[in-house]
Amino acid sequence: MGDPNVLEMVQEEERRISREVDYTFNTSESLSSRETSFLINEEPVFDKDKQSKDSIFFRDGIRQIDFVLSYVDDVKKDGDTKAERRKEFEENLRKTGLELEIEDKMNSEDGRTYFVKIHAPWEVLVTYAEVLGIKMPIKESDIPRPETIPFSFLLGPLKLARNVKHPHPEYFTAQFSRYRQELFLIEDKSSFFPSSSRNRIVYYILSRCPFGTEDGKKRFGIERLLTSHTYSSAYPLHDGQYWKPSEPPNPVNERYILFKNWARFSYFYKEQPLDLIRKYYGEKIGIYFVFLGFYTEMLFLAAMVGLTCFIYGLLSMHNSTSSIEICDPNVGGQIIMCPLCDVVCDYWRLNSTCWASKISHLFDNESTVFFAIFMGIWVTLFLEFWKQRQARLEYEWDLVDFEEEQQQLQLRPEFEAMCKHRKMNPVTKEMEPYMPLCTRLPWYFLSGATVTLWMALVVACMVAVIAYRLSVFATFASFVESETSLKSVKSVLTPQITTALTGSCLNFIIILILNFFYEKISAWITKMEIPRTYQEYESSLTLKMFLFQFVNFYSSCFYVAFFKGKFVGYPGKYTYLFNVWRSEECDPGGCLIELTTQLTIIMTGKQIFGNIQEAIYPLVLNWWRRRKARTNSEKLYSRWEQDHDLETFGNLGLFYEYLETVIQFGFVTLFVASFPLAPLLALLNNILEIRVDAWKLTTQYRRPVAAKAHCIGVWQDILYGMAVLSVASNAFIVAFTSDIIPRLVYYYAYSVNATEPLKGYINNTLSTFLIADLPNNTAPMGKRDLTTCRYKDYRYPPDHELKYFHNMQFWHVLAAKMTFIIVIEHVVFLVKFLLAWMIPDVPKDVLERIKREKLMTVKILHDFELKKLTDDLRIGSTEFAKEFMIQENKAQLAKSTI
C-alpha cells in the first residue's frame, strides 16, 4: 500500500488543489461572458500598447494560450439562450481545471467579436496525458540512427539541415503517469508537453464538456456549440507569424521554420522535415505527408520508364509499318472507307487519318506491353515498401503500441446525444449509449439509395455525352466536307479527333459539377446515419465518396477502353443508341488514342483545377475576411485575431487530400497502358502538390487540432483493391483496345511477306462491303461511282456464302486476346505474390530496434520502481528506529524513576 506518510501528503496536496479550483470557480461562478468582459481593463499588469502582436500568452505573460474560442453577441435570434449556454459551458471548463481569460469585443479588430482564451495548467495536462496514453521521453536513446545509404553524398542538395530534419534527439519513451513524474525528463514544465499535445488535450476536454440540458437530453461538446453558432470558432494558435521568427518571451516559432524549410516553392526539390511536421501538426497530418512524399519518390522510377517508352514510340513513329501504309497515297489513298454516319457523311479515304495514325503509334507500340507488365510489378513494390516505411514510422513516432480507441474509437458526442438506450459493454462492463439497428436502418436504406441514384446519374450523363458526340460528329463531318476553307486542317482535325476532344472537355466539366454537389449530399447523409465513432463516420463517408468518384472519374475511360467500337455492327446492319444515333466507331488505328485523349484531359484538368482551387480559394477568402475585419487599424491585431481570420482546415480536410491522391493513383495504374506519360504527369503534380499543401496549411489555414494515427487507414485497403484491378484493366486494354494482338496474329499467322512481315497488315484488318447492300435510309446523299467500301472488322466479303459473318481470323484474334489476358494476369499476379512474400512487412532492423526499446523501457521502469521502494523502506526503517529509541528511553526513564 506504500508509506502512510506519503499517502497523507498526496491526500493533502489533492485537497489543496481542490480548494484552489473551488475558489477559482466560486469567484467566477456568477459571471457570464458579457459580465466578465468589463474586468479586462482592470488588469494592472496588462499594457495594450506594450503587448506584442504575436504574443501567445495570457495578459500576465506567463500562462500560454492553448486554445481560443470566439463568438459574436446575437441579440436578434436566441441571444439569451446562447449566452446561457456559453456561461454554463465556461463554468464547467473551469471546473475541469482549465483557466480562461476573455477579451472584450471592444478590444477586437472588428469591434464585435469576443475571444475566450484557454490555458491548461500543469495539473490538467498531466491528468489527461495519462488518460490519453501520451508517450513522453524517459531517457535519451542509445540506438544510433539508421546509417546513410551508399552514395548518399550525391543527394546532398536534396537534404535539409540536420537540426531541421531532426530537431530533437531520439528518446526511449513510456506512457505518461502523473504518479511517476520523476521518471520523465521534465526540465521545464511549460515546454515539456509540445503545443500539439497541449491543444489535443484541451480539445478532448472541450469535446466532452457539458453545457446544459435541453429537451430532456444532456447536451455537451464544442462541436454542437459551433453547429448552433453559440461559438463562431474554436482553434489552437499558430506559434507566430510564418514569415519571421518569434521574439522573446514567445517560444521557438516552429511555424516559421516550417515555412522557411518546407512551404516555399523554391524548396520543391528538398526532402520534407517530417519530424517537425509531426511535432507541430500531429501524427495524423504528418503521416499524410509521409505517404505523399513516399508515393512521389516511387513515381520517379515509373515516370522514367514511362518516359523511355514514350521516347521509343516517338523515335519509331516514322518507321511504323501501319502508319506508312495509311499515309501512302498508293495504299491508304486508294482505300475508300464506308461512311462514319448515316446520310450526311460521305465516303472517305483512309489516308485522311494519317496524322492520327502517327500519334496513335506514340502510345500503341511494342513497349506498351512491357510498360503494362512493369506497372503491375511497380504497384506491388510500392505497396510493399510502403508497409515497410509505415512500420519504420510507427517506431520512430512512438506508435508501435498505439491503440485506435484512444481517439478514433471514442464515441461521437452527436451519437451520445441522440441515444435514448444504454447497454453494458461486454469488455469494459460499463453501461454506454446504444442505438438499435431498427432506428438507423431507414437511414442506411436512404444512404444506399442516394449513392446508387447518383452513380446512375453519372452513367446517364456519360450516355448524354456519347449522344452529344454522335450528333456533333455527323454535323461536323458534313460541315468540314462543305467548307472549302477547312480543307487544310481536315487531316489534323478529323471528326473523330474533334468530337473526342470536345466530348472529353464536356465530360470533365460535368464531372466537376456532379462532384461538387455530391460532396455536400454525402456529408449530410453520413451525419444522418449517426455513426457511433469517428472511425465509423470516416469509413462510411470514405465508402460513399470513393464509390461515387470512382464511377464519376473513370466511367468515361472504361467506356472508351472496353465498350466503344466493340458493338458497332457493320454497314447495313449497324447498332443504334436509342434507335437514333449510330454507335461510335474507333479510328482505323484503334481506340487507344481516344482513351489517351480522354485520360489526359480528365487527369490533367483535375490536377490543375485542384491545385488552383487549393491555392487560390483560401487566399481569396482570407483576403476578403481581413478586408472586412480591419475597420479599426489603431487597435492591436492580436495573434488570436490573426488566426481567427484564416480559413479553417476542417475535420475532413485530410480526407479530401487522401481522396485526391487515391483518384490520381487510379489514373496512374488502371489505364497506364494507354498513356505511359501518366506517372510523369502525376510526379510533376505531386512535387507541386506537396508544396501547395504545405503552403496553405502553414500560411492560409488555422492550425488544425493535433490527432494521432498510425497508418493511412481504409485508404490502404482501397489502394490494394485498385492494384489488383489495375492488372486486369491493363491486360484488357492491351488486348482489346490496343492493336498489339491483331498485329502479332498477322505477323505470325497471316503474313506472306518474309522480309516485311507487317506489310499488308492494314489491308488485312479491313473488310469489304458492297455499296448496293446499303439501305436507302442510311446511304450518303448523291451518287458515287463506287461499288465497294471498306470497314474495320474481320468479316467475309460480299461474294462469300457466309458474307458479312465473322471470318476465321476474327476467332483467331479473339483467342489470342483471351490467351494474352490469362497469361499476363497469371504472370503478373505470380510475381506480385512472390514479391509480397519476399519483402517483409517490418524491416529486420526496425524489429531489433523495437525489441531493444521495449527491453530498455522495462529496465528503466523496473529500476525506477525498485529505487522508489528502497527509498520508502529506508524512510520507514529510519522512522521505526527513531520510534524504537524513544520507547527505549521512556522505559529506561521509568525504571530509574521507580
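Before reading on, note that the structure itself is shown above.
Only a predicted model underlies this, so the values are computations on that prediction, with no experimental measurement involved. (Residues numbered from 1 in each chain as written. Predicted model: local features only at pLDDT ≥ 70, side-chain atom pairs only at ≥ 80, totals over all residues. Heavy atoms only, no water.)

### Some details on the overall build of the protein
So, step 1. When you go through the protein residue by residue, the secondary structure sums to 27 helices and 18 strands.
So, step 2. Looking at the protein as a whole, 50% of its 898 residues are labelled buried.
So, step 3. Restricting to contacts in the protein with at least 6 residues of sequence separation, those with at least 24 account for 77%.
So, step 4. When the accessible surface of the protein is split by element, carbon and sulfur atoms take 62% of a total near 44,100 Å². (Helix = DSSP H or I, 4+ residues; strand = E, 2+ residues; numbered from the N terminus. Buried < 20%, exposed > 50% of the residue type's maximum accessible area, 1.4 Å probe, protein only. Contact = heavy atoms within 4.5 Å. Areas by Shrake-Rupley, 256 points an atom, 1.4 Å probe, with all protein chains shown as cover.)

### Observations concerning the nonpolar core
So, step 1. By size, the foremost hydrophobic cluster in this structure holds 120 residues, and its most contacted members are Trp 378, Phe 382 and Tyr 554.
So, step 2. Here this core takes 16 residues from helix 11 (residues 283-315), the largest share from any one element.
So, step 3. Excluding residues that lie within four positions of it along the chain, Trp 378 makes contacts with Tyr 295, Met 298, Leu 299, Ala 302, Phe 665 and Thr 669.
So, step 4. With 46 residues, the next largest nonpolar core counts Val 116, Leu 132, Ala 174 and Phe 184 among its residues. (Core = buried A, V, L, I, M, F, W, Y, C linked by side-chain atoms within 4.5 Å.)

### Points about the packing of helix 23 (residues 714-737) against helix 26 (residues 808-838)
So, step 1. Their axes nearest at 9 Å, the elements helix 23 and helix 26 cross at an angle of 150 degrees. With respect to helix 26, the axis of helix 23 lies roughly antiparallel. For helix 23 against helix 26, the interelement crossing comes out right-handed. The residues of helix 26 that touch helix 23, namely those facing Ala 723, Val 724, Val 727, Ala 728, Ala 731, Phe 732, Val 734, Ala 735 and Phe 736, are Leu 814, Lys 817, Met 818, Phe 820, Ile 821, Ile 824, Glu 825, Val 828, Phe 829 and Lys 832.
So, step 2. Taken together, the residues of the contact of helix 23 with helix 26 sort by class into 16 nonpolar, no polar and three charged. (Axes fitted to C-alpha atoms, helices over the stretch in contact; angles between N-to-C directions. Parallel < 35°, antiparallel > 145°, perpendicular 65-115°, else oblique. Left-handed = near helix turned anticlockwise from the far one by under 90°. Nonpolar A, V, L, I, M, F, W, Y, C, P; charged D, E, K, R; others polar.)

### A few points about the packing of aromatic side chains
So, step 1. Evaluated as defined, the whole model comprises 58 aromatic pairs.
So, step 2. Ring centres 5.4 Å apart and planes at 35 degrees place the aromatic pair Tyr 570 and Tyr 804 in the tilted group. On the criterion of sequence distance, the pair formed by Tyr 570 in strand 13 (residues 569-570) and Tyr 804 in the loop between strand 18 (788-792) and helix 26 is long-range, its members being 234 residues apart. Just as Tyr 570 is buried, Tyr 804 falls in that class too.
So, step 3. For the pair Phe 655 and Trp 715, a centre-to-centre distance of 5.6 Å together with 45 degrees between the ring planes defines the contact as tilted. With Phe 655 in helix 21 (residues 653-670) and Trp 715 in helix 23, this pair connects stretches of sequence that are 60 residues apart. Assigned by exposure class, Phe 655 and Trp 715 land together as buried.
So, step 4. For Arg 582, the ring lying beneath its charged end belongs to Tyr 574, and the centroid distance is 3.7 Å. (Phe/Tyr/Trp six-rings, centres within 6.5 Å; stacked < 30°, edge-to-face > 60°. Lys NZ or Arg CZ within 6 Å of the ring centre and 35° of its normal.)

### Notes on the pattern of salt bridges
So, step 1. This model, assessed by the stated rule, comprises 31 salt bridges.
So, step 2. Via salt bridges that share partners, Arg 59, Glu 101, Glu 103 and Lys 117 belong to a single interconnected network. (Salt bridge = Lys/Arg side-chain N within 4 Å of Asp/Glu carboxyl O.)

### Let's talk about the state of the cysteines
So, step 1. All chains considered together, the criterion is met by three disulfides.
So, step 2. Paired by a disulfide, Cys 327 and Cys 354 hold their sulfur atoms 1.9 Å apart. The disulfide joining Cys 327 to Cys 354 has a torsion of about 95 degrees about its S-S bond and is therefore right-handed. Of this pair, Cys 327 sits in helix 12 (residues 321-327) while Cys 354 sits in helix 13 (residues 354-363), and the two are 27 residues apart along the sequence. (Disulfide = S-S within 2.5 Å.)

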